[in-house]
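Take a look at the letters that make up each chain.
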Amino acid sequence: MQDWLAAQARVRARRGIIRHAVPRTGAVLDLASNDYLGLAADPRLQAAAVAAVERYGTGARASRVVTGTHAVHAELEAELCALTGRPAALAFSSGYAANLGILTALGGPGTLILNDEHVHASLIDAARLSRSPVEDFPHGDMDALKQRLAARSQPRAVVVIESIYSVLGDAADVSAAARLCAEHDALLVVDEAHGIGVAGRGRGAVYAAGLAGAEHVAVTATLSKALGSQGGAVLGSPALREHLVNTARSFIFDTGLAPAAAAAAAQACRIIADEPERVAAVGHNAALIAAALGVDQAAGAVQSVPAGSPRHAAELAARLEDAGVLVGCFRPPSVPDGISRLRLTARADLAPEQLRNATGLINTLLSRMEVPA
Ligand SMILES: Cc1ncc(COP(=O)(O)O)c(C=O)c1O
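Given the structure is predicted, the values throughout are model-derived calculations rather than measurements. (Residues numbered from 1 in each chain as written. Predicted model: local features only at pLDDT ≥ 70, side-chain atom pairs only at ≥ 80, totals over all residues. Heavy atoms only, no water.)

1. Some points on unusual backbone geometry
Between proline 332 and proline 333 the backbone carries a cis peptide bond, its omega angle lying at 5 degrees. Within the fold, proline 333 resides in the loop between β11 (328-330) and β12 (341-345). One non-glycine residue, arginine 131, adopts positive backbone phi at about 65 degrees. For arginine 131, a relative accessible area of 60% translates into the label exposed. We note that aspartate 185 has phi near 50 degrees; this positive angle belongs to a residue other than glycine. Within the element layout of this structure, aspartate 185 appears in the loop between α7 (174-183) and β6 (187-191). (Helix = DSSP H or I, 4+ residues; strand = E, 2+ residues; numbered from the N terminus. Buried < 20%, exposed > 50% of the residue type's maximum accessible area, 1.4 Å probe, protein only.)

2. A few points about the domain arrangement of the protein
Parsing the protein into structural domains produces domain 1 (23-40 + 276-368) and domain 2 (43-274). Averaged C-alpha coordinates put domain 1 and domain 2 at centres separated by 26 Å. Both faces combined, the contact of domain 1 with domain 2 buries some 1800 Å², and carbon together with sulfur accounts for 66% of it. Summed over the three residues of domain 1 that lose the most area to domain 2, namely Leu39, Val279 and Pro336, the buried surface amounts to 28% of that side. (Domains from an automatic or database assignment. Buried area = accessible area lost by both parts, 1.4 Å probe.)

3. A word on the sheet that holds β11
The antiparallel open sheet is built from three strands, whose spatial order is β9-β12-β11. The open sheet has two free edges, formed respectively by β9 (302-306) and β11, since each of these has just one partner strand. Across this sheet, the average inter-strand angle for adjacent strands is 30 degrees, counted without regard to direction. Inspection of the sheet shows β9 paired to β12 by five bridges, in the antiparallel sense. Bridge pairing links glutamine 303 to leucine 344 in β12. Sitting on the sheet, helix α13 (residues 310-322) touches β11 and β12, and the angle it makes with β12 is about 40 degrees. (Pairing = 2+ DSSP bridges. Axes fitted to C-alpha atoms, helices over the stretch in contact; angles between N-to-C directions. Contact = heavy atoms within 4.5 Å.)

Take a look at the structure:
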C-alpha cells in the first residue's frame, strides 16, 4: 500500500493536479469561498449559533429518527419553506448527504436516473449508490433529455440537474426540464446549492420559475454556501419528506445536523428574505468581475475564467495567492469539460475597489503568462 500511495502521488504531481488541505494564513482577498452573501461571519448568525449551543449543546446526540430531532430543526425546516415557497423540508447533515439521501431513496431497478453530465460529484455518487440504471445526457440538452425520457423502459424516472452549475456557473433551463418531466411522468431533482440565496431574489431558481409548489419538482440545498452555515436539505412535497424520513439512509443512519448550524442557517433564511440588496450585490459584483476579465457573466456568484492546462492554472492561482488574492483553481476531474479554470466568486460583501484591484492583477498575470489552449 505505501508503494502504491507514493506512486499515486507521483502521478498527481506529473499531471499538475495536486490538491492541498491546509489552513490559509495572512491577509488575503478571498475570491474562492462560497460564502456568497458574506453571512458566515455575520454577528446575527453567530448569535443564533451561540444561543443554540447554550440551549441544545454542541451536538444533536443521535440520529434524527432516534432522539436527535430538536425544535431548532423544525425551525430551520419552516424557515427554508418560507424562503423557497416549498411545502416541506427535511434537513440533513450536509448537502452531500441530502443528495445521497434523495437519490438512494427514490432509486432502484425500477427508476431510471437521468443526470445532466455536469452535475456535482455528490449527485454522481448518489446515482451510483442508488442501484438504479443511470444515464448521463449532454449538458443542458433538452432534446436529448426528451428522447431519453420517451425511450425509457422503467416505470419511474428521475431527472437530475443543478439550477446554477457549480464550476462553470451557468444556469439550467429549469422550466423546460420541469415541463419535460411533467409530460413524461418523471420527477425533477434540482440541486440549488448555488441557486438558493442567489437566484430568484435569493429564493432560488425553482421559485423564480414559478415551480415552488410543483409536486414533480424536488430541490436539494446546501446550508454551507449562501446560507453561511453547514448542512443540507431536501425541499419538496410532504409525501416526499415522509418517504425520506423512512428510507433515506444518509438521514436515518447519520447524526442529526448540529443545532448551532441549524440555528445559523435559519437566521440566514430570515436575512435573505429581509435584505434583497445583499442578493442584488452578488449580481453587481459578478458583472464587475466578468466585464473586467472579458468573460461572459455567468448566472450566479460563480464566475469561471479559462486558464489553460492544469499546471498553468495552478501556477496562476499560486501567483495570485502570493499577491494576496485567493481564487479557486479547478482542474480535472473537477472540471466537467476538461478545461482548467480559475473560479471566482462574486461575494456580496466585496467592495468594487477590491474587485478592481484583484481583476487588474489577474489580467496582468494572464497577459504575462501565455495561456496554452
Ligand atoms: C452542486 C453541489 N451540490 C452539493 C454540494 C455539497 O454540499 P455540502 O458541502 O453541503 O456537502 C456542493 C458543494 O460543493 C455543490 O456544489
